[in-house]
Amino acid sequence: MKNILVINGSPKGENSITLQTSLYLQKKFCEYNFSVLHAGKKISLLEKDFSSAKKLLTTADLIIFSYPVYTFLAPSQLHRFISLLKEKSESGEISLTGKFATQITTSKHFYDITAHEYVKENCEDLGLTYLEGLSCDMEDLTKITGQKEAVSFLRKTLFLMGENVSHEEKIKDETLAKKIKVSVVADFSEGNEDLKEQVEYFISRFPYETEVIDISKIGMKGGCLGCFNCASSGECIYKDGYEEILREHIIPCDAHLYAFKIKNHSMGDTFKMFDDRQFCNGHRTLSRGKPVSYIVDGNMENEQNVKTLLEARSQVGGQFLTGIAWGESFTETEKAEWKKRIDRMTSLLVYALENKYSQSSNFYGVGGMKIFRDLIYLMGGMMKADYAFFKKEGLFDFPQKQKGTRSLMRLVGLMMKPRVMKKLGNRMTEGMLMPYRKVLDKS
């Protein structure tokens, strides 16, 4: 694979802040041929003549949709380009089947999830193989962590495409690799043989050590009482052995796989009891930074709410979701399908462990943690353990502390008066891009 096409959906064209991330990746992955189609800025021209876009799309192996999030979704210009793309596809003028697609967005993470879902669904309509995108904050590229996340994102994307990509962070010490351990937390109540079969298949495909914990046999005395004892003292009020299982067998592992059967559009009574008892692992996110996977016995195509729940839970917990492998009934054809899903999930889990991969946060992660941040700050006198954790991890990141940024925005506000803007002309945009251009120059 050599050709990567960036479809720039921003109406600002080459002055798009979002585009700078793709230009940065172009410098970091110089062995690949990058092309940029300014679809947002040139949409009127493309409506009249689509030939230039057709040529780039035909030769592309990977298509990256790059755009800022406007009002919950992609900009209207990119909407129009996708409409044109579908018209050309339906008429047979162009075919994208078999090509890969992903996306890069910038925003303040306000409903970036709906924008990403919009592009994902349209990619699938076009026959593209969609791979999870990257959601960036506006300033991410100017920070070392943001630059690393961008590089890791594209490296993971290329890996999923089957590219033989070198991995900078890959674990090279075989002794260390052999110490990798994953906890498999499953609800095998009611003699769930189908779920057992799926879990056993995962274990047979996973190259590292696993520890299986059947939560139906650990003797939980009851569900969470909402007493806040764990938020205050750090420990659950129940004395039934659950704490030992959580802290000595689950949290210390390098990754976690959860397995349950869909029941009444949820995870079943026993697994929900277990999940509620992880209250301390919700606020304090004790598993942060560790990959998480799910095996679900049921038809996830009909369970959008459960999908949202699992993604949001991993995002708020700061865990990279490597996949949700599911299966409903077990004819030979259906077995082959869920085995494929487990294989894909396992491959990405191994990749994440060996390369220490983590993902950037989206609306679920950013919004959820801000709510927790405000709650725990206000209730710190009662939620002492939670407060201490947030303070230690630097999670009380209130905007009023960013005095430099606030002062800069006041200055920008003064410059945005019509009379000043007229004098500045294009220099205003150039000034906004300066921090990003410095990053590109250094790279």
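Residues numbered from 1 in each chain as written. Predicted model: local features only at pLDDT ≥ 70, side-chain atom pairs only at ≥ 80, totals over all residues. Heavy atoms only, no water.

J.: Got a minute to help me understand the sheet that holds strand β10 (residues 292–297) in this structure?
T.: Across a sheet, paired strands are connected by hydrogen bonds in the backbone, their directions being either parallel or antiparallel. As summarised here, the arrangement of the five strands in space is β8-β7-β9-β10-β11, forming an open sheet in which the pairing is parallel. For this open sheet the edge positions go to β8 (209–214) and β11 (321–327), each flanked by a neighbour on one side alone. Going from strand to strand, the sheet's axes swing by 15° on average, the running direction of each strand aside. Relative to strand β9 (residues 255–261), strand β7 (residues 181–186) is paired through five bridges, and the arrangement is parallel. (Pairing = 2+ DSSP bridges. Helix = DSSP H or I, 4+ residues; strand = E, 2+ residues; numbered from the N terminus. Axes fitted to C-alpha atoms, helices over the stretch in contact; angles between N-to-C directions.)

J.: In this structure, what is going on with the packing of aromatic side chains? I would like to understand it.
T.: For any pair of aromatic rings, geometry is given as the distance between the ring centres together with the angle between the planes. Using the criterion set out here, one finds 26 aromatic pairs in the structure. Here the aromatic rings of phenylalanine 260 and tyrosine 294 are separated by 6.4 Å at their centres, their planes lie at 70°, and the arrangement is edge-to-face. Residue phenylalanine 260 is found in strand β9, and its partner tyrosine 294 is found in strand β10; the two are separated by 34 residues along the sequence. There is no split in this pair, since phenylalanine 260 and tyrosine 294 are both buried. On the numbers, 4.8 Å between centres and 70° between planes, the contact of tyrosine 377 with phenylalanine 398 is edge-to-face. Placement of the pair is tyrosine 377 in helix α15 (residues 363–378) and phenylalanine 398 in the loop between α16 (384–392) and α17 (403–415), with a sequence separation of 21 residues. We classify tyrosine 377 as partly exposed; its relative accessible area is 44%. (Phe/Tyr/Trp six-rings, centres within 6.5 Å; stacked < 30°, edge-to-face > 60°. Buried < 20%, exposed > 50% of the residue type's maximum accessible area, 1.4 Å probe, protein only.)

J.: Would you take a moment to explain the side chain of serine 183 for this structure?
T.: Here serine 183 is to be found in strand β7. With near-sequence residues (within four places) excluded, serine 183 lies in contact with Glu211, His249, Ile250, Cys253, Ala255, His256 and Leu257. (Contact = heavy atoms within 4.5 Å.)

J.: It is not clear to me how the nonpolar core should be interpreted in this structure. Could you clarify?
T.: Among the nonpolar cores identified, the biggest contains 32 residues, and Leu25, Phe29, Phe34, Leu62, Ile104 and Leu154 are the most heavily contacted of them. Listing elements by their share of this core, those giving two or more residues are β1 (3–8), α1 (17–28), β3 (62–68), β4 (100–107), β6 (134–137), α6 (144–160), α14 (332–355) and α19 (427–442). Ranked by the residues each element gives to this core, the list is headed by α6, at five residues. Counting residues in hydrophobic clusters, the runner-up holds 30 residues, among them Ala39, Phe50, Leu84 and Val119. (Core = buried A, V, L, I, M, F, W, Y, C linked by side-chain atoms within 4.5 Å.)

J.: Explain the environment of glycine 9 here, please?
T.: Locating glycine 9 in the fold gives a position in the loop between β1 and α1. Overall, the relative accessible area of 0% leaves glycine 9 in the buried class. Counting along the chain gives 333 residues from glycine 9 to isoleucine 342, while the straight-line C-alpha distance between them is 34 Å. Apart from the residues within four sequence positions on either side, glycine 9 is in contact with Gly40, Ser66, Tyr67, Pro75, Gln77 and Leu78.

J.: Help me understand the pattern of salt bridges, please; the structure alone is not making it clear to me.
T.: Here the idea is simple: oppositely charged side chains can pair when their charged atoms come close. Applying the stated rule across the entire model yields 20 salt bridges. With a closest N to O distance of 2.7 Å, lysine 108 and aspartate 137 form a salt bridge. With a gap of 29 residues between them, lysine 108 in the loop between β4 and α5 (112–125) and aspartate 137 in strand β6 connect regions that are remote in the sequence. A relative accessible area of 19% means that aspartate 137 is categorised as buried. Here the residues in one salt-bridge network are Glu47, Arg80 and Glu87, joined through shared partners. (Salt bridge = Lys/Arg side-chain N within 4 Å of Asp/Glu carboxyl O.)

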